[in-house]
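One letter stands for each residue in the lines below.
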Amino acid sequence: MGKIKVVLWDIDGTLLDFQVAEKHAIRACFSKLRLGECTDEMLQDYVEINVGYWRRLERGELTKPQVLVGRFEEFFGKYGIDPAAAQAFNEEYQVRLGDTICFCKNALETVHALRGLVRQYAVTNGTKTAQERKLAESGLDKLFEDVFISEMIGIEKPMKGFFDKVFQKIGKYKREEMMIVGDSLTSDIQGGNNAGIATCWYNPRGEKRPESLRIDYEIRDIKEILEIVG
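All of these numbers come straight from a predicted model, not from anything done at the bench.

Engineer: Which residues make up the pattern of salt bridges, and what values go with them?
Structural biologist: Inspection of every chain in the model, using the stated rule, returns 24 salt bridges. For Glu61, the salt bridge is made with Arg59, and the minimal N-O distance between the two is 2.8 Å. With a relative accessible area of 46%, Glu61 lands in the partly exposed category. Taking the relative accessible area as the measure of exposure, Arg59 reaches 52% and is therefore exposed.

Printed below as a string of structure tokens:
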């Protein structure tokens, strides 16, 4: 494998701890919209519902708007909350996701250390509202060469078309000089496979490695990226 010159970073679950931000954002929305208490059990149910909706988006079965509102409609329906509140809840939720910035272990330090060694870009399926606020509040927006948000591109990871648009914007680099780093097998690693670039699976919990995907590198700690590109 040739020398890596470009690193495409996933954001949620890779550089930023999405679960922490998600929990705070949902509870803040429950409070603002006066929906009562959101218990830990409710949060866990929502997480499972949400993951299912994003998987369907990645498979092309749903549109982004259907995911963003539909997940809350289903969640609210389960707990006797008026599903009509889902639209307003989601709009507030996108903003509140940027309230809590929590970096994954060694993530910020690694991005800083890679500056000047490789070109770094963000590639994310999050919404424009949420991701731009998170990147600004975290300072990551000033560390990347550019940010690619699926909502703006009009195509989701892991679709090849998403990466084709990214490569058009990046320009001169060959695909063998690029690597995507992410925690999601279905979005990041499958996306890298579809795009024909190197893949690095961030797997901090040591989950079982699938046989169906090409994983060029597997890491437990983000700082291991320094050894890969070193």
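Engineer: Tell me about the side chain of Asn90, residues and numbers included.
Structural biologist: Secondary-structure assignment places Asn90 in helix H4 (residues 86-96). At a separation of 3.1 Å, a polar atom in the side chain of Asn90 contacts the side chain of Arg71. With sequence-adjacent residues up to four places away left out, Asn90 is seen in contact with Leu68, Arg71 and Phe72.

Engineer: Which residues make up the nonpolar core, and what values do they have?
Structural biologist: Judged by nonpolar contacts, the single largest core of 26 residues is most densely connected at Ile26, Phe30, Phe72, Phe75, Phe76, Phe89 and Tyr93. Going through the elements one at a time, helix H1 (18-32), helix H2 (40-58), helix H3 (64-78) and H4 are the ones with two or more residues in this core. In terms of residue count, H2 provides more of this core than any other element does, 7 residues in total. Each residue touching Phe75, except ones within four places of it in the same chain, is listed here: Phe30, Met42, Tyr46 and Ile49. If you look at the next biggest cluster of nonpolar residues, it comprises 25 residues, including Ala107, Val111, Ala122 and Ile222.

Engineer: How would you sum up the packing of aromatic side chains? Please name residues and give values.
Structural biologist: For the coordinates displayed, the defined rule picks out 14 aromatic pairs. With 5.4 Å between their ring centres and 75° between their planes, Phe72 and Tyr93 make a pair best called edge-to-face. Of this pair, Phe72 sits in helix H3 while Tyr93 sits in helix H4; the two residues are 21 residues apart in sequence, bridging distant segments of the chain. Under the relative-accessibility criterion, Tyr93 is labelled buried at 1%. Within the aromatic cluster, the residues linked to one another by ring pairs are Phe30, Tyr46, Phe72, Phe75, Phe76, Tyr79, Phe89 and Tyr93. Lying across the ring of Tyr53, Arg56 places its NZ or CZ 5.3 Å from the centre.

Engineer: How would you summarise the packing of H2 against H3 if you had to cite specific residues and measurements?
Structural biologist: Contact pair H2 / H3: the axes reach a minimum separation of 9 Å and the direction vectors enclose 150°. Classified by the interaxial angle, the pair formed by H2 and H3 is roughly antiparallel. The two elements H2 and H3 cross, and the hand of that crossing is right-handed. Residues Met42, Asp45, Tyr46, Ile49, Asn50, Tyr53, Trp54 and Leu57 of H2 lie in contact with H3, whose contacting residues are Lys64, Gln66, Val67, Leu68, Gly70, Arg71, Phe72, Glu74, Phe75 and Lys78. Of the residues that constitute the contact of H2 with H3, the class distribution is 10 nonpolar, 3 polar and 5 charged.

Quick notes on the rules
Residues numbered from 1 in each chain as written. Predicted model: local features only at pLDDT ≥ 70, side-chain atom pairs only at ≥ 80, totals over all residues. Heavy atoms only, no water. Salt bridge = Lys/Arg side-chain N within 4 Å of Asp/Glu carboxyl O. Buried < 20%, exposed > 50% of the residue type's maximum accessible area, 1.4 Å probe, protein only. Helix = DSSP H or I, 4+ residues; strand = E, 2+ residues; numbered from the N terminus. Polar contact = N/O pair within 3.5 Å; in protein donor to acceptor, adjacent residues only side chain to side chain. Contact = heavy atoms within 4.5 Å. Core = buried A, V, L, I, M, F, W, Y, C linked by side-chain atoms within 4.5 Å. Phe/Tyr/Trp six-rings, centres within 6.5 Å; stacked < 30°, edge-to-face > 60°. Lys NZ or Arg CZ within 6 Å of the ring centre and 35° of its normal. Axes fitted to C-alpha atoms, helices over the stretch in contact; angles between N-to-C directions. Parallel < 35°, antiparallel > 145°, perpendicular 65-115°, else oblique. Left-handed = near helix turned anticlockwise from the far one by under 90°. Nonpolar A, V, L, I, M, F, W, Y, C, P; charged D, E, K, R; others polar.

Nothing here speaks to function; it is geometry throughout.
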